[in-house]
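One-letter residues, chain by chain:
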Amino acid sequence: MLNYLSAFTWLLFVSHVPALPTRFNKHTNERPVIGILTQIVTDEVMKPYGNTYIPAGYVKYIESGGSRVMAIRVDDHEKYYEDVFQKINGLLLIGGAADLETSDFARVAKIFFNLALKANDAGDYFPIWGTCMGMQQLSVLVAGENLLTNTPAENEARPLNLTAEAYQSRMFWDFPSALMEALTQEPLTANFHHYGLTLETFQENKYLNNFFTILSTNIADNGAVFVSTIEAKKYPFYGVQWHPEVNRFSWDRTKTFPHSYHAVQLSTLLAQFFVNEGRRSLHHFEDPREEDKVLIYNHTPLYTGNFTAYEQVYFF
Ligand SMILES: *[C@@H]1O[C@H](CO)[C@@H](O)[C@H](O)[C@H]1NC(C)=O
Ligand SMILES: *[C@@H]1O[C@H](CO)[C@@H](O)[C@H](O)[C@H]1NC(C)=O
């Protein structure tokens, strides 16, 4: 009776969580493809190799979660993205340096964001993850304006100041308690940013506040408290101001990339979490030949360890 009762309570509880873990979901897609928006090359040393790029660490990160990757160019028409949206199972918005309102990156992010809102509203599950600038982009899309201010934390690894909500979040749902403890004590999250959202800005903005739950905060070098981890309340959208991918895939000796046991575990579990969200999307390519042609495997990353902070970069 007790077991029966607690199972029932659990069901009641999970019915209020918009994004159940996949293990409770009947229909899953075990051949997911996650799209990654390319970044415009602005760095002079990278210009000889292409107009757009994706650091390979992001690709490895998604692949490590059990997904394939499609690089998505940012210079195409809306119709193209509408078509791509029906074929991929999630979107990763990566870090970089683009104008969050006027760039092609912002334009394409907005198209996907609006498609994802509509799809999720209609029961068509589609996750989006923003890392660093990607999270900032999500905040601009939700708030309808750029609310970033100076919150410098450049090349610094930190523990997270987790909120009470973090312990009921989807993002950390599967984390062992030892890792949750380590997250608050050990420098597991690498920061490379000048700008961010202060806690105050966030809480004073009704759009952000209604849309996202804050899972963690951190203190910037100038003393500002910034929001470092968020998840949407009613959508499978997630944002981190820090860089989970570097914990396993970046090794530049001048950078504070965390590589400890817990750092690697954190990166691994978040990649698995996001890809698992992608498994809930049943979008797919009708034609397997088209799928084969657009996957990242058609591209070869270039060794860039001698002129960038990335070991390898895909150029397009
Ligand atoms: C962590 O966050 C809480 C609540 O937001 C705040 O009261 C506390 O001072 C913060 N601690 C640190 C170390 O940032
Ligand atoms: C980096 O190394 C490659 C060889 O691996 C070389 O071809 C290239 O010129 C080097 N680039 C710079 C900027 O040193």
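In this text the structure is predicted, and so the values were computed from the model without any measurement.

*Asks:* Which parts of the structure should I look at to understand the pattern of salt bridges?
*Replies:* Pairs can form between side chains of opposite charge whenever their charged atoms are close. Evaluated as defined, the whole model comprises 11 salt bridges. Linking Lys-87 and Glu-290 is a salt bridge whose minimum nitrogen-to-oxygen distance equals 2.8 Å. Of this pair, Lys-87 sits in the loop between α3 (78-85) and β5 (91-93) while Glu-290 sits in helix α11 (residues 288-294), and the two are 203 residues apart along the sequence. One salt bridge connects Asp-104 with Arg-107, and the closest N-O pair in it is separated by 3.5 Å.

*Asks:* What is the right way to look at the site of ligand 2 in this model?
*Replies:* Taken together, Tyr-303, Asn-306 and Phe-307 form the complete shell of residues around ligand 2. Within the complex, 32% of the 360 Å² of free accessible area of ligand 2 lies under protein.

*Asks:* Is there a simple way to think about the environment of Phe-212 in this case?
*Replies:* With respect to the helices and strands, Phe-212 occurs in strand β10 (residues 212-219). Given the relative accessible area of 1%, Phe-212 is considered buried. C-alpha separation for the pair Phe-212 and Tyr-238, spaced 26 residues apart in sequence, amounts to 8.6 Å. Ignoring sequence-local partners within four residues, the contact set of Phe-212 consists of Leu-138, Val-142, Phe-202, Ile-230, Glu-231, Ala-232, Lys-233 and Phe-237.

*Asks:* How should the packing of aromatic side chains be read in this particular structure?
*Replies:* Two measures describe an aromatic ring pair: the distance that separates the ring centres and the angle between the ring planes. Going through the model one piece at a time under the given rule, you end up with 19 aromatic pairs. Pairing Phe-85 with Phe-112 gives two aromatic rings, centres 6.4 Å apart and planes at 45°, and the pair type is tilted. Remark: Phe-112 occurs in helix α4 (residues 104-121) and Phe-85 occurs in helix α3; sequence separation between them is 27 residues. Judged by relative accessible area, Phe-85 falls into the buried class, the value being 1%. A relative accessible area of 0% places Phe-112 in the buried class. Taking NZ or CZ as reference, Arg-280 lies 4.0 Å from the ring centre of Tyr-125, over its face.

*Asks:* It is not clear to me how the sheet that holds strand β6 (residues 128-131) should be interpreted in this structure. Could you clarify?
*Replies:* Sheets are built from strands that pair by backbone hydrogen bonding, the pairs being arranged parallel or antiparallel. Taken in spatial order, the eight strands make up an open sheet running β4-β1-β5-β6-β12-β11-β10-β8, and their pairing is mixed. The sheet terminates laterally at β4 (68-72) and β8 (161-162), the two strands that pair on one side only.

*Asks:* Looking at this structure, I do not really get α3. What am I missing?
*Replies:* One turn of an α-helix holds 3.6 residues; hence residues three or four places apart share an orientation. Residues of α3 that are buried: Tyr-81, Val-84 and Phe-85. Seen along its axis, α3 keeps its buried residues to an arc of 100°; they face one direction. For α3, the secondary structure elements touched by its buried residues are β4 and α4.

*Asks:* What's the story with the pairing of β4 in this structure? I'm lost.
*Replies:* Put simply, side chains in a regular strand alternate between the two faces of the sheet. Summarising burial for β4: five of the five residues are buried, a large majority. Of the two faces of β4, both are covered, the one formed by Arg-68, Met-70 and Ile-72 as well as the one formed by Val-69 and Ala-71.

*Asks:* Could you clarify how one ought to interpret the packing of helix α6 (residues 177-185) against helix α10 (residues 261-279) in this entry?
*Replies:* Helix packing geometry: the angle between the two helix axes and the distance between the axes. Where α6 meets α10, the axes come as close as 10 Å, and the angle between the chain directions of the two elements is 110°. By the criterion of interaxial angle, the relationship of α6 to α10 is roughly perpendicular. Judged by the sense of rotation from one axis to the other, the crossing of α6 with α10 is left-handed. Where α6 abuts α10, its residues Ala-178, Leu-179, Ala-182 and Leu-183 lie against His-262, Gln-265, Leu-266 and Leu-269. Residue classes in the contact of α6 with α10 are distributed as six nonpolar, two polar and no charged.

Procedures and definitions
- Residues numbered from 1 in each chain as written.
- Chains lettered and ligands numbered in written order.
- Predicted model: local features only at pLDDT ≥ 70, side-chain atom pairs only at ≥ 80, totals over all residues.
- Heavy atoms only, no water.
- Salt bridge = Lys/Arg side-chain N within 4 Å of Asp/Glu carboxyl O.
- Helix = DSSP H or I, 4+ residues; strand = E, 2+ residues; numbered from the N terminus.
- Near = heavy atom within 4 Å.
- Areas by Shrake-Rupley, 256 points an atom, 1.4 Å probe, with all protein chains shown as cover.
- Buried < 20%, exposed > 50% of the residue type's maximum accessible area, 1.4 Å probe, protein only.
- Contact = heavy atoms within 4.5 Å.
- Phe/Tyr/Trp six-rings, centres within 6.5 Å; stacked < 30°, edge-to-face > 60°.
- Lys NZ or Arg CZ within 6 Å of the ring centre and 35° of its normal.
- Pairing = 2+ DSSP bridges.
- Arc of directions from axis to C-beta.
- Axes fitted to C-alpha atoms, helices over the stretch in contact; angles between N-to-C directions.
- Parallel < 35°, antiparallel > 145°, perpendicular 65-115°, else oblique.
- Left-handed = near helix turned anticlockwise from the far one by under 90°.
- Nonpolar A, V, L, I, M, F, W, Y, C, P; charged D, E, K, R; others polar.

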